[in-house]
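Per-entry structural report
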Amino acid sequence: SSGPNNTFRLVVVGSGGVGKSALTLQWVQQYFVSDYDPTIEDSYTKQCFLDDSVCRIEVLDTAGQDEFSTMREQYLRTGDGFLLVFSITNRESLDYVRKLHRHIDRLRDRDDFPMILVGNKCDLEDERQISPEELQRVAAELHVPQLECSAKYRKNVDKAFHDLALLVKKFKAAD
Ligand code: GDP
Ligand code: MG
């Protein structure tokens, strides 16, 4: 789709408070931001090695949840790949990314668009509402890879972005 073929536009989506900004900033700046302004939507660029070649990854950290916002439609239409972030401590946040997944499939008219289901806040074991087994079941149903992350402890943060970028690269190469 858009941009030169060594540039990948990743979009971080999910409901408010799940840790989209914390994950993005942990990946880009390597520290945990615990009180990032929930209304700020911003993008970041990072150079990466993917399969031995240098690429440019642009990450859009989205904010707000207006179902009908034209801004949202814009990034859902133009992103190369999506991190579908929910919090393992909040069942509604999983329902929300299921809806987003369906919406993206419809918008992009594919059922294999690059996406990864990310269960963030896995350090909060005492508050867990979604078990690893349920996460695996939902991911299988949606035909997307899944992983649990902790932005706070930087667990699986690099893996989430890197795996998504690899999916995007393969998807673009096959197109
Ligand atoms: P966003 O609205 O999706 O961008 O969510 P934020 O990144 O602003 O995070 C919302 C809240 O969850 C903040 O208070 C963060 O400190 C907290 N948070 C984010 N990620 C984690 C995590 O991995 N573990 C824990 N314990 N808290 C987190
Ligand atoms: Mg945010």
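Residues numbered from 1 in each chain as written. Chains lettered and ligands numbered in written order. Predicted model: local features only at pLDDT ≥ 70, side-chain atom pairs only at ≥ 80, totals over all residues.

Right, let's talk about the overall build of the chain for a bit. The helix and strand tally for the chain stands at five helices and six strands. Mapped from its N terminus to its C terminus, the chain presents α and β elements in the order β-α-β-β-α-β-α-β-α-β-α. Relative to the compact-globule value of 16 Å for 175 residues, the chain shows a C-alpha radius of gyration of 15 Å, a close match. Here the chain holds 175 residues, and 36% of them are scored as buried. (Helix = DSSP H or I, 4+ residues; strand = E, 2+ residues; numbered from the N terminus. Rg over C-alpha atoms; globule rule 2.2 N^0.38 Å. Buried ≥ 20, exposed ≤ 12 C-beta atoms within 10 Å, placed from the backbone.)

Turning our attention to the sheet that holds strand 4 (residues 81–87). By definition, the strands of a sheet pair up through backbone hydrogen bonds, in either a parallel or an antiparallel sense. Taking strand neighbours across the sheet as the criterion, the six strands line up as 2-3-1-4-5-6 in an open arrangement whose pairing is mixed. What marks the edges here is a single partner per strand, and that holds for strand 2 (42–50) and strand 6 (146–148). Averaged over all pairs of adjacent strands, the angle between their axes in this sheet comes to 25 degrees, without regard to strand direction. Sheet analysis places strand 1 (residues 7–13) next to strand 3 (residues 53–61), joined by six bridges and oriented parallel. Bridged to L10 within strand 3 is V59. (Pairing = 2+ DSSP bridges. Axes fitted to C-alpha atoms, helices over the stretch in contact; angles between N-to-C directions.)

The pairing of strand 2 with strand 3 spans nine bridges and is antiparallel. What sits directly across from Y44, in strand 3, is V59. Counting the residues in the hairpin turn of strand 2 and strand 3 gives two residues, including D51, whose phi is positive at 50 degrees.

Of note in the backbone geometry, D109 takes a positive phi value of approximately 55 degrees without being a glycine. For D109, the location among the structural elements is in the loop between helix 3 (91–108) and strand 5 (115–120). A tally of 7 C-beta atoms within 10 Å means that D109 is categorised as exposed. Not every positive phi belongs to a glycine, and H143 is a case in point at roughly 60 degrees. For H143, a count of 11 C-beta atoms within 10 Å gives the class exposed.

The local shell around ligand 1 holds 18 residues, among which G19, K20, S21, A22 and K152 are the closest. When residues of the shell around ligand 1 are assigned to their parent elements, the largest contribution, three residues, is made by helix 1 (residues 20–29). Of the residues contributing to the shell around ligand 1, the split by class is six nonpolar, eight polar and four charged. (Near = placed C-beta within 6 Å. Nonpolar A, V, L, I, M, F, W, Y, C, P; charged D, E, K, R; others polar.)

With that settled, consider the confidence of the model for the chain. Confidence along the chain averages 93 in pLDDT terms, with 95% of residues attaining 70 or more. Both scores are available for the predicted complex, with the pTM at 0.96 and the ipTM at 0.99. (pLDDT = per-residue confidence, 0-100.)

The next thing to look at is the environment of E125. Looking at the element boundaries, E125 is found in the loop between strand 5 and helix 4 (132–142). Taking the number of C-beta atoms within 10 Å as the measure of exposure, E125 has 9 and is therefore exposed. For the pair E125 and I88, spaced 37 residues apart in sequence, the C-alpha separation works out to 8.6 Å.

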